[in-house]
Amino acid sequence: MRLRIILLVVAASSLVLVSFLVPLALVLRTLAADRAVSSATVQAQSMTTLVATLPTSSLRLAVTQVNAQGKGAPVTVFLPDGTVLGAPASRSAGVRLAQGGRSFTTVTPGGVEVLVAVQGLPGGTAPGGTAAPGGTAPGSETAPGGTAVIRTFVPEAELRHGVARAWLLLGCVGLGLLALSVAVADQLARSLVRPLAGVAQASDRLATGDLSARAELAGPPEVRRAGAGLNRLALRIGELLAHERETVADLSHRLRTPMTALRIDAESLRDHAERTQVLSDLDALERTVDEVIRVARRPTRRGTVEACDAAAVVAERAAFWLPLAEDTDRAMTIELASGELPVRVAGEDLAACMDILLENVFAHTPDGAALAVRLSRRAAGGAWLVVADDGPGFPGADPTERGHSSDGSTGLGLDIARRIAESSGGTLTIGRSASGGGSVTVGLGPLTGPADGTRRHRRTRGGPPAYPYASAGPASSFWLDGE
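Let me begin by describing the structure that accompanies this report. Numbers given for residues are sequential positions, taken from 1 along each chain in its written order. Only residues with pLDDT of 70 or above have their local features reported here, since the model is predicted, and side-chain atom pairs are shown and tallied only from 80 upward, although totals for entire chains, interfaces and linings are computed over all residues. Where side-chain values are given, they derive from all heavy atoms of the structure, hydrogens and water being excluded.

1. Observations regarding the overall build of the chain
Note the following rule: Secondary structure follows DSSP: runs of H or I at least 4 residues long count as helices, runs of E at least 2 residues long count as strands, and numbering of each begins at the N terminus. For each residue, the accessible area found with a 1.4 Å probe, counting protein chains only, is set against the maximum for its type, and the residue is called buried under 20%, exposed over 50%, and partly exposed in between. Here the open area of atoms and residues is found with the Shrake-Rupley method and a 1.4 Å probe, where only the protein chains shown may cover a residue.
When helices and strands are tallied, the chain shows 12 helices and 12 strands. Per-residue burial over the chain gives 33% buried out of 483 residues. Accessible surface, the chain as shown: approximately 28100 Å² in total, 58% of it carbon and sulfur.

2. Concerning helix α6 (residues 163-207)
How we decide: In this analysis, the expected span of each helix is defined as 1.5 Å times one less than the number of residues it contains. Contact definition: two residues touch when any of their heavy atoms are within 4.5 Å.
Between the first and last C-alpha of α6 there are 63 Å, a value that for 45 residues agrees with the 66 Å anticipated at 1.5 Å per step. Listed as buried for α6 are V163, L170, G174, S181, A185, D186, A189, P195, V199, A202 and L206. Close packing links the buried residues of α6 with α1 (2-46) and α7 (221-254). Looking one or two residues past α6, G209 carries a phi angle of roughly 105 degrees, positive in sign.

3. Thoughts on the packing of α7 against helix α8 (residues 256-267)
Stated precisely, the cut-off is as follows: Axis lines are fitted to C-alpha atoms, over the contacting stretch for helices. Their N-to-C directions set the angle, which ranges from 0 to 180 degrees. Working definition: roughly parallel below 35 degrees, roughly antiparallel above 145 degrees, roughly perpendicular at 65 to 115 degrees, and oblique for all remaining angles. Gly falls in the polar group here, along with every residue not listed as nonpolar (Ala, Val, Leu, Ile, Met, Phe, Trp, Tyr, Cys, Pro) or charged (Asp, Glu, Lys, Arg).
One can describe the packing of α7 onto α8 by two numbers: an axis separation of 5 Å at closest approach and a directional angle of 20 degrees. Looking at the two axes, α7 sits roughly parallel to α8. Across the interface between the two elements, S252, H253 and R254 from α7 touch R256, T257 and P258 from α8. When grouped by side-chain class, the residues that make up the contact of α7 with α8 number one nonpolar, three polar and two charged.

4. Things to note about the pairing of strand β3 (residues 104-108)
To keep it simple, the criterion reads: Strand pairing is assigned whenever DSSP identifies at least 2 bridges connecting the two strands.
Here β3 runs beside strand β4 (residues 111-121); their pairing, made up of five bridges, is antiparallel. What sits directly across from V107, in β4, is V112. Count of turn residues in the β3/β4 antiparallel hairpin: two residues, of which G110 carries a positive phi of about 95 degrees.

5. Concerning unusual backbone geometry
Even without glycine at this site, D329 takes up a positive phi of about 55 degrees. Tracing the backbone through its elements, the reader meets D329 in the loop between α10 (310-327) and β7 (332-336).

6. As for the pairing of β4
Burial runs high along β4: nine of the 11 residues are buried. Pairing of β4 with strand β5 (residues 146-155), which is carried by nine bridges, proceeds in the antiparallel orientation. Paired with G111 across the strands is P155, a residue of β5.

7. Quick notes on the sheet that holds strand β11 (residues 428-432)
The five strands are arranged β7-β9-β10-β12-β11 in an open sheet whose pairing can be described as mixed. With one partner strand each, in any of the chains shown, β7 and β11 form the two edges of the open sheet. For this sheet, the mean angle separating the axes of adjacent strands, direction not counted, is 15 degrees. In this sheet, strand β12 (residues 438-444) lies alongside β11 in antiparallel orientation, the contact comprising five bridges. What sits directly across from R432, in β12, is G438. Relative to strand β10 (residues 383-389), helix α11 (residues 347-364) is tilted by about 20 degrees, and along the sheet it contacts β7, β9 (371-377), β10 and β12.

8. Digging into the packing of aromatic side chains
Condition: Side-chain rings of Phe, Tyr and Trp (the six-membered ring for Trp) are treated as a pair once their centres are within 6.5 Å; stacked means planes under 30 degrees apart, edge-to-face means over 60, and tilted covers the remaining angles. Any Lys NZ or Arg CZ that is within 6 Å of a ring centre and within 35 degrees of that ring's normal is treated as a charge sitting over the ring.
For the structure on display, the rule yields two aromatic pairs. Summarising the aromatic geometry, the rings of F320 and W321 are spaced 6.0 Å apart at their centres and angled 85 degrees between planes, so their arrangement reads as edge-to-face. Ring centres 5.4 Å apart and planes at 15 degrees place the aromatic pair W321 and F362 in the stacked group. Of the two residues, W321 is situated in helix α10 and F362 in helix α11; the sequence distance between them amounts to 41 residues. Each member of the pair, W321 as well as F362, carries the same accessibility label: buried. One aromatic cluster is present, formed by F320, W321 and F362 through successive ring pairs. The lysine or arginine in question, R378, covers the ring of W384, its NZ or CZ lying 4.8 Å from the ring centre.

9. Some details on the sheet that holds β3
Pairing within the open sheet is antiparallel, and its five strands lie in the order β2-β1-β5-β4-β3. If you trace the sheet from one side to the other, it starts and ends with β2 (84-86) and β3, each paired once. Averaged over all pairs of adjacent strands, the angle between their axes in this sheet comes to 25 degrees, without regard to strand direction. Sheet analysis places strand β1 (residues 75-78) next to β2, joined by three bridges and oriented antiparallel. Following the sheet pairing, V77 is matched in β2 by L85. Lying over the sheet, helix α3 (residues 56-69) contacts β1 and β2, oriented at roughly 40 degrees with respect to β2.

10. Quick word on the nonpolar core
Which entries qualify depends on this criterion: Buried Ala, Val, Leu, Ile, Met, Phe, Trp, Tyr and Cys residues form a nonpolar core when they are joined through side-chain atoms within 4.5 Å.
Counting 38 residues, the largest nonpolar core has M332, L350, L357, L358, L375, L385 and V442 as its most contacted members. Going through the elements one at a time, α10, β7, α11, β9, β10, α12 (413-423) and β12 are the ones with two or more residues in this core. Counting residues in each nonpolar core, the second largest holds 22 residues, with A44, V51, A148 and L159 among its members.

11. Looking at a nonpolar patch on the surface
Inclusion rule: Every patch collects residues that have over 30% relative accessible area and no salt bridge, joining them within 9 Å if they carry like charges and within 5 Å if they are nonpolar side chains (Val, Leu, Ile, Met, Phe, Trp, Tyr). Here a salt bridge means any side-chain nitrogen of Lys or Arg lying within 4 Å of a carboxyl oxygen belonging to Asp or Glu.
A surface patch of nonpolar side chains, amounting to about 460 Å² of accessible area, comprises L169, V173, L177, L180 and V184. Tracing the sequence through the fold places V184 in helix α6. What makes V184 exposed here is its relative accessible area of 51%.

Structure (structure tokens):
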């Protein structure tokens, strides 16, 4: 925006300067030519009295002195008897025309010719048909009507004398004015762009989760109004999030009452093993509720990167669900990539994602339906987590739509898993397994930088992935069968 404002001002200023300076430059050139021609005309007219009164010898001397001074255009006098005095010059067509009694200025090659006619000079013929010296013969009759022509020539250089310097001065003035307009436009653009940049920076910080970001109220009224609106929005978002966190914490705390009743009922059980198992499950449930309350009231953390070893978390959760697979006669296949597999997601979130995916398999497939868990490396970093089963598959509607469920569940599980994947920079894809059942593929994003002791690899063009997937054979891949 700043550059556009400056370019707009430069364009407008350039048009104004061109429309003003070009005519002025032409006028200056015309004035210089008129000044030179006027000076030559005055010089020629000042010679008319001398030409009309002085004899030829004296006139020759006067013309020579005028030309010797070098202050004006060279003067040439054409007398009626054909005598030429002063600067050498040919008797041009203009001179012959001026001998008819006309004074005028004409343009010739190389300059301008100023011709002044002086009439009434003696120009008769001496007795015997010869012209008398000085135009008359002693005692002879004067022949009236003789016309002398005073010629001054202004060369082209004299016509343009000082024009180049005037044009250079005009150009410098134009460039100075243009630079001044650029400086003013830059200050104007700064006064507009700087407050807008502050508003944009505050909005970017809000987008990253920094609810304390506020825009500085500066600049024009419209920009201040936009900044004030953004600040009110940030304040309202913070209030809504705080209210939501407190509501979640309060709802979670309300679960303590029914859990206390369950604990009393569990302690009244006579079977010691059954009582121990139920109390253990209640302890786990209480810890989960406590964690929900703690997370709900914990402020949002900014500037930290959540990370975990996906291989360790997936192996731990798969081992947790393996006994249930054995109890329901399910063949459970687990294949993990070798070594550590760092991903951009918290270990608790990845564990929750695994529990959601496996719980869906056990809840929505019949007993005996096999399932497989596969964890492999992504070529661009991160990991692929695939949970597939031999059940009936997913219905036609999008199962990741929040609140949608066709089997009486809350419809939140896959939506939570999808948000966990997307928060890490990955994706969640629903499809079908090779046997026709359901398949969920979760892409987990990589860390922003290489993990300690590891190196990021990239897929080579036309070649295999940097971390090829091995379905069998490596020491880190193992097969667990619940049958």
